[in-house]
Amino acid sequence: HEPLLRSRSITFGYSDTEDRVWVRMLLENKSEVNFWINRRLCKGVYEAMAGLLLKPIKIDGKELSAQALEKHLKAEFYELSRSTFDPAPPPPENKGLDGQAAQKPNWLGLCHTISISSGPQWLMSFKNKGTNYQLALDRRSMIKVFVGLLKTCDRAGWDLPNPHEWICVSGR
């Protein structure tokens, strides 16, 4: 079984020299990891996330019809894409016993596998170098993470296909 490290904080950015998105996760053990994801993997995250969001949901004990679900998702996406994002937390304090400067972030290279699951808690798992780096959030927070990734892809000029009119990212 692979080691599991959990996080509640993720930040995305685009590197034009690499033509990749960088990911920074602050882990619960107070360390941080950084890795790259490519366009193909971002497209996979997009498709997986859209599929999970289209699963039937209940509001006030009643399951939404397909049409009502699309309307709900459009409103939810609109609200969350325009809300402010929390600033990225500062790097963890990693001073050695001798008080030397903080260590450089742990760069893991290119991530090859991301999986997403929904439920009471949504999980996004990045598997890299034999370790599962897992982000566990509620639905609305995970949608904000999704919006953040989509905005990063949009700024990169990556034209991810968008067959869902409810997925609106500010600036599109």
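Everything numeric here is computed off the predicted structure, so don't read it as measured data.

Draft legend 1. The overall build of the protein chain, seen in detail. Each helix and strand in the protein chain was counted, giving 3 helices and 9 strands. A total of 172 residues make up the protein chain; the buried ones form 42% of that total. In the protein chain, the share of contacts with a sequence separation of at least 24, taken over all contacts with a separation of at least 6, comes to 58%. Surface accessibility of the protein chain: about 10,000 Å² in total, with carbon and sulfur atoms responsible for 51%.

Draft legend 2. Molecular detail of the sheet that holds strand E3 (residues 32-37). Taken in spatial order, the 7 strands line up as E6-E3-E2-E1-E9-E8-E7 in an open sheet, and their pairing is mixed. Looking at strand neighbours, the two that pair on one side only are strand E6 (106-110) and strand E7 (113-117), the edges of this open sheet. Looking at each pair of strands side by side, their axes are set apart by 30° on average, direction ignored. Sitting on the sheet, helix H1 (residues 39-53) touches strand E2 (20-27), E3, E7 and strand E8 (122-128), and the angle it makes with E7 is about 10°. Those strands touched by helix H3 (residues 139-155) are strand E1 (4-15), E2, E3, E8 and strand E9 (131-137), and its axis lies near 30° from that of E1.

Draft legend 3. How the structure looks around the confidence of the model for the protein chain. Per-residue confidence for the protein chain averages 85 on the pLDDT scale, and 86% of its residues sit at or above 70. Confidence, read as mean pLDDT per element, is least for strand E4 (residues 58-59) in the protein chain (84) and greatest for E7 (95).

Draft legend 4. Region of interest: the packing of H1 against H3. Two elements in contact, H1 and H3, have axes whose closest approach is 11 Å; the angle formed by their N-to-C orientations is 145°. Judged by the twist between their axes, the crossing of H1 over H3 is left-handed. On the side of H1, the interface is formed by Cys42, Val45, Tyr46, Met49, Ala50 and Leu53, while H3 contributes Arg139, Met142, Ile143, Phe146, Leu149, Leu150 and Cys153. Looking at the contact of H1 with H3 residue by residue, the class counts come to 12 nonpolar, no polar and 1 charged.

Reading the values: rules and limits
Residues numbered from 1 in each chain as written. Predicted model: local features only at pLDDT ≥ 70, side-chain atom pairs only at ≥ 80, totals over all residues. Heavy atoms only, no water. Helix = DSSP H or I, 4+ residues; strand = E, 2+ residues; numbered from the N terminus. Buried < 20%, exposed > 50% of the residue type's maximum accessible area, 1.4 Å probe, protein only. Contact = heavy atoms within 4.5 Å. Areas by Shrake-Rupley, 256 points an atom, 1.4 Å probe, with all protein chains shown as cover. Pairing = 2+ DSSP bridges. Axes fitted to C-alpha atoms, helices over the stretch in contact; angles between N-to-C directions. pLDDT = per-residue confidence, 0-100. Left-handed = near helix turned anticlockwise from the far one by under 90°. Nonpolar A, V, L, I, M, F, W, Y, C, P; charged D, E, K, R; others polar.

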